[in-house]
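Below, each chain spelled out in residue letters.
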Amino acid sequence: MAYFLIIVSAILVNNIVFTQFLGICPFLGVSKKIDTALGMGAAVTFVLTLATIVTYLINLLLVRFGLEFLQTIVFILVIAALVQMVEIILKKISPALYQALGVFLPLITTNCCILGVALLVAQDNYKTFGADTGLLSGTVFAFATAIGFALALVLFAGIREQLSLVKLPKAMEGTPIALIVAGLLAMAFMGFSGVVG
């Protein structure tokens, strides 16, 4: 039950985009088409889950040797190296998947959502709803957060695709209407507040 609450909370109640404003750059930049939003969402889900596991284990070493102050720098380097490694492995093992993800893998290196979740898990700064604060609950939290990011991205892309078919006032075209829609989506997700303790 605790893991179910973590999942619901990370996807709906405490969506990383709408409550902590992490991952806003790809949220606004890669959300013009549903296809690209789905690709980015899948890539973020894979890398975020993998990066959280690796950074959690590295953080155990940092804590053991009293080097917690190096978390941010080490995590950035680990995430960048991990993305490059995933890119190389995908290129050799599955060229079709590598082509499908295309530009999204390098973009993930600069996604602050990845670093933010890795730091939250390393510092146990997320609600666990009775679950142990450890690798399993951290991984569940990271995976659910990535799904919440992908959900926000796909919903936003769908709305933006529909808005491209509508005649808008000149002053509202592009970024202004996108920001208004993002604000309305954030308010809609606020409706889930109180669903999970």
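Residues numbered from 1 in each chain as written. Predicted model: local features only at pLDDT ≥ 70, side-chain atom pairs only at ≥ 80, totals over all residues. Heavy atoms only, no water.

**Quick notes on the overall build of the protein chain**
In plain terms, the rule: Going along the chain from the N terminus, every DSSP run of H or I of four or more residues is numbered as a helix, and every run of E of two or more is numbered as a strand. In this description the radius of gyration comes from C-alpha coordinates, and the expected globular size is given by 2.2 Å times residues to the power 0.38. Exposure categories follow from relative accessible area, calculated using a 1.4 Å probe and restricted to protein chains: below 20% of the type maximum is buried, above 50% is exposed, and the middle band is partly exposed. Two residues qualify as a contact provided that any one of their heavy atoms is within 4.5 Å of a heavy atom in the partner residue. Computed with a 1.4 Å probe, the accessible areas rest on the Shrake-Rupley method; for each residue, only the protein chains presented here act as cover. The convention is simple: Lys and Arg are positive, Asp and Glu are negative, and His and the chain ends are not counted. Lys charges are placed at NZ, Arg charges at CZ, Asp charges at CG and Glu charges at CD.
Within the protein chain one finds 10 helices and zero strands. For 197 residues, the compact-globule estimate of 2.2 N^0.38 gives 16 Å, and the protein chain sits close to it at 18 Å. Based on the C-alpha atoms only, the size of the protein chain along its principal axes is roughly 60 × 45 × 30 Å. When each of the 197 residues of the protein chain is scored for burial, the buried share is 45%. If you take every contact in the protein chain between residues at least 6 apart in sequence, the share linking residues at least 24 apart comes to 77%. Of the roughly 10300 Å² of accessible surface on the protein chain, 72% is carried by carbon and sulfur atoms. Averaging the locations of the 9 positively and 7 negatively charged side chains of the protein chain gives two centres separated by 10 Å.

**Focus on a nonpolar patch on the surface**
Test applied: Residues enter patches when their relative accessible area tops 30% and they take part in no salt bridge; the joining distance is 9 Å for like charges and 5 Å for the nonpolar side chains Val, Leu, Ile, Met, Phe, Trp and Tyr. For this analysis, a salt bridge means a side-chain nitrogen from Lys or Arg found within 4 Å of a carboxyl oxygen belonging to Asp or Glu.
Residues Leu61, Phe65, Leu67 and Phe69 make up a contiguous nonpolar surface patch of about 460 Å² in total accessible area. You can see Phe69 is positioned in the loop between α4 (34-64) and α5 (71-93). Judged by its relative accessible area of 64%, Phe69 falls in the exposed class.

**Looking at unusual backbone geometry**
The general pattern is negative phi for most residues beyond glycine and trans for most peptide bonds. Here Phe21, not a glycine, exhibits a phi torsion of approximately 55°, which is positive. We classify Phe21 as exposed; its relative accessible area is 56%.

**What about the environment of Ala152?**
On the secondary structure map, Ala152 appears in helix α9 (residues 135-163). Sequence separation between Ala152 and Phe18 is 134 residues, and the spatial gap between their C-alpha atoms is 8.4 Å. Apart from the residues lying within four places of it in its own chain, the contact partners of Ala152 are Asn15, Val17, Phe18 and Phe27.

**Some details on the side chain of Glu87**
Within the fold, Glu87 resides in helix α5. At 6.6 Å, Lys91 is the nearest oppositely charged side chain to Glu87, a buried residue that forms no salt bridge.

**Quick notes on the pattern of salt bridges**
Inspection of the entire model under this criterion finds one salt bridge. For Glu173, the salt bridge identified is with Lys170, shortest N-O distance 4.0 Å. With relative accessibility at 41%, the residue Glu173 sits in the partly exposed group. For Lys170, a relative accessible area of 71% gives the class exposed.

**A word on the packing of aromatic side chains**
How we decide: Two rings from Phe, Tyr or Trp (for Trp, the six-membered ring) form a pair when their centres sit within 6.5 Å of each other. Planes less than 30 degrees apart are called stacked, planes more than 60 degrees apart edge-to-face, and all others tilted.
Scanning the entire structure with this criterion turns up four aromatic pairs. Ring geometry for Phe27 and Phe156: centres 4.3 Å apart, planes at 15°, overall stacked. Of this pair, Phe27 sits in helix α3 (residues 24-29) while Phe156 sits in helix α9; the two residues are 129 residues apart in sequence, bridging distant segments of the chain. Here Phe27 matches Phe156 in class, with each residue buried. Grouping aromatic residues by their ring pairs yields a cluster made of Phe18, Phe27, Phe156, Phe189 and Phe192.

**Digging into the nonpolar core**
The tendency in soluble globular proteins is for nonpolar side chains to be buried side by side. This is how the line gets drawn: Residues enter a nonpolar core if they are buried and are Ala, Val, Leu, Ile, Met, Phe, Trp, Tyr or Cys, with the set joined through side-chain atoms within 4.5 Å.
Formed by 49 residues in total, the largest nonpolar core has its most connected members in Phe18, Phe27, Leu48, Ile108, Ile114 and Val117. Those elements that provide at least two residues to this core are α1 (2-13), α2 (16-19), α4, α5, α7 (104-108), α8 (112-122), α9 and α10 (175-190). The element contributing the most residues to this core is α9, with 10 residues. With residues near it in sequence (within four places) discarded, Ile114 still touches Val44, Val47, Leu48, Ala51, Ile79 and Ile108.

Honestly, it's all geometry; don't read function into it.
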